[in-house]
Amino acid sequence: AFIALKNYFAIISPMKFLLSLFYILLVVSNLINPVYSSDIAKGKELSVSCAACHGDNGISLNPVWPKLAGQNPKYLASQLYEFRKGAEGNRNNAVMYGIAMTLSDSDIEDLSAYYASLESKVGLTQDNYLDLGRNIYRGGNMEIKIQACISCHGPNGQGNYAAAIPMLSGQHSQYTYQQLKNFQASVRSNDYNKMMRNIVHRMTDEEMKAVASYIEGLY
């Protein structure tokens with residue numbers, strides 16, 4: 001097997017050699033450090049205490065609390081880790097801190113996997129905010145350097161799994177608007193490289209309400 005492998009590397013191009021080496025190292029790395037396997041059933045058990053705010057199926061009835069169903073599990077986990085830090089973290093919330101501090105790392109991963117497994121639900125965009133919200137989400141405002149939301153969150157608001165960028169599709173507009181306000185005031189500061197804060201500090205209140213409403217009906 002070693003001779004065959006040696007002969008294979010002798011005849012392939014340098015680029016293919018590097019790619020082959022990369023994949024071999026990737027496989028070896030995964031064998032040494034296996035990916036954490038979340039337990040959705042355990043996450044469902046843990047979610048009982050979350051249902052009062054986030055709903056039995058991850059769809060909160062109060063629009064000031066976020067829908068969690070279908071959310072990127074990496075994003076959910078990262079937020080719970082931030083909440084667990086309390087005042088020392090970059091997303092401090094007294095209620096969520098009280099909950100998150102009781103969770104182990106495996107609890108957080110299991111909860112995140114459970115909510116990610118649930119079916120999301122899309123709402124409606126208010127007619128008076130449709131055009132402005134769509135323009136900002138899809139095109140931004142280059143005159144004042146507001147980056148388009150679509151560049152990170154995708155055309156349908158599904159986010160980016162690998163980069164732990166959250167799904168926005170169907171999220172309550174009141175919740176989204178409040179988070180934009182929190183970023184603007186730096187009450188929330190757990191955005192990578194100040195990306196959200198750099199965008200929203202140039203946005204008007206009306207623009208934030210419009211894009212939040214557009215997102216609620218986005219699918």
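Data block above holds the structure.
Starting from 1, residues in each chain are numbered consecutively following that chain's sequence as written. Reporting in this predicted model follows two pLDDT cut-offs: at least 70 for local features of residues, and 80 or more for side-chain atom pairs to be given and counted; totals over whole chains, interfaces and linings ignore these cut-offs and use all residues. With hydrogens and water excluded, all non-hydrogen atoms of the structure serve as input to the side-chain values.

1. Focus: helix α8 (residues 130–139)
Stage number 1. By the burial criterion, the buried members of α8 are Gly133, Ile136 and Tyr137. All buried residues of α8 fall inside an arc of 95 degrees around its axis, so they share one side.
Stage number 2. Among the structural elements, α9 (150–153) and α12 (205–216) are those in contact with the buried residues of α8.
Stage number 3. One or two positions beyond α8, positive phi appears at Gly140, with a value near 65 degrees. Burial classes: relative accessible area under 20% of the type maximum marks a residue as buried, over 50% as exposed, and values in between as partly exposed (1.4 Å probe, protein chains only). Counting from the N terminus, the helices are the DSSP runs of H or I reaching at least four residues and the strands are the DSSP runs of E reaching at least two. By construction, the arc corresponds to the directions joining the helix axis to the C-beta atoms. The contact rule is simple, with two residues in contact once any of their heavy atoms fall within 4.5 Å.

2. Some thoughts on the pattern of salt bridges
Stage number 1. Between Lys or Arg on one side and Asp or Glu on the other, a salt bridge is scored when a side-chain nitrogen of the former is within 4 Å of a carboxyl oxygen of the latter. Evaluated as defined, the whole model comprises seven salt bridges.
Stage number 2. In this structure, Asp107 and Lys42 form a salt bridge, with 3.6 Å as the shortest nitrogen-oxygen distance. Linking Asp107 in helix α7 (residues 105–117) with Lys42 in helix α3 (residues 40–46), this pair joins segments that are 65 residues apart in sequence.
Stage number 3. For Asp107, a relative accessible area of 12% translates into the label buried.
Stage number 4. A relative accessible area of 32% places Lys42 in the partly exposed class.
Stage number 5. The shortest N-O distance in the salt bridge between Lys85 and Glu82 comes to 3.6 Å.
Stage number 6. Classification of Lys85 by relative accessible area gives partly exposed; the value is 44%.
Stage number 7. We classify Glu82 as buried; its relative accessible area is 12%.

3. Things to note about helix α5 (residues 73–84)
Stage number 1. Compared with the 16 Å implied by 1.5 Å per residue over twelve residues, the 16 Å span of α5 between its first and last C-alpha is a close match.
Stage number 2. Turning to α5, its buried residues are Tyr75, Leu76, Ala77, Gln79, Leu80, Glu82 and Phe83.
Stage number 3. Packing partners of the buried residues in α5 comprise α6 (94–100) and α7.
Stage number 4. Think of a polar contact as two N or O atoms within 3.5 Å of one another; within protein, one of them needs to be a possible hydrogen donor and the other a possible acceptor, and neighboring residues in sequence only count if both atoms come from side chains. With a side-chain oxygen lying 2.9 Å from the backbone nitrogen of Lys74, the N-terminal cap of α5 falls on Asn72.
Stage number 5. Within two residues after α5, Gly86 carries a phi angle of roughly 65 degrees, on the positive side. Working rule for helices: expected span equals 1.5 Å times residues minus one.

4. Remarks on the nonpolar core
Stage number 1. To form a nonpolar core, buried Ala, Val, Leu, Ile, Met, Phe, Trp, Tyr and Cys residues must be joined to one another through side-chain atoms within 4.5 Å. Membership of the largest hydrophobic core comes to 17 residues, with the highest contact counts inside it found for Tyr137, Leu180, Val200, Met203, Met208, Val211 and Ile215.
Stage number 2. Among the elements of the structure, α8, α10 (173–184), α11 (195–200) and α12 are those that each provide at least two residues to this core.
Stage number 3. With five residues, α12 is the single largest residue contributor to this core.
Stage number 4. Look past the residues within four positions of Val211 in its chain and what remains in contact with it is Gly133, Ile136, Tyr137, Cys149, Leu180 and Met203.

5. What to know about the environment of Asn182
Stage number 1. Take Asn182: it is sitting in helix α10.
Stage number 2. Classification of Asn182 by relative accessible area gives buried; the value is 17%.
Stage number 3. A sequence separation of 15 residues divides Asn182 from Arg197, and the C-alpha atoms of the two residues are 8.9 Å apart.
Stage number 4. When neighbours within four sequence positions are excluded, Asn182 is seen to be in contact with Val187 and Arg188.

6. Section: the side chain of Glu82
Stage number 1. Mapped onto the fold, Glu82 is located in helix α5.
Stage number 2. Only 3.0 Å separates the side chain of Glu82 from the backbone nitrogen of Asn90, close enough to count as a polar contact.
Stage number 3. Setting aside chain neighbours within four positions, we find Glu82 in contact with Gly89, Asn90, Arg91 and Asn190.

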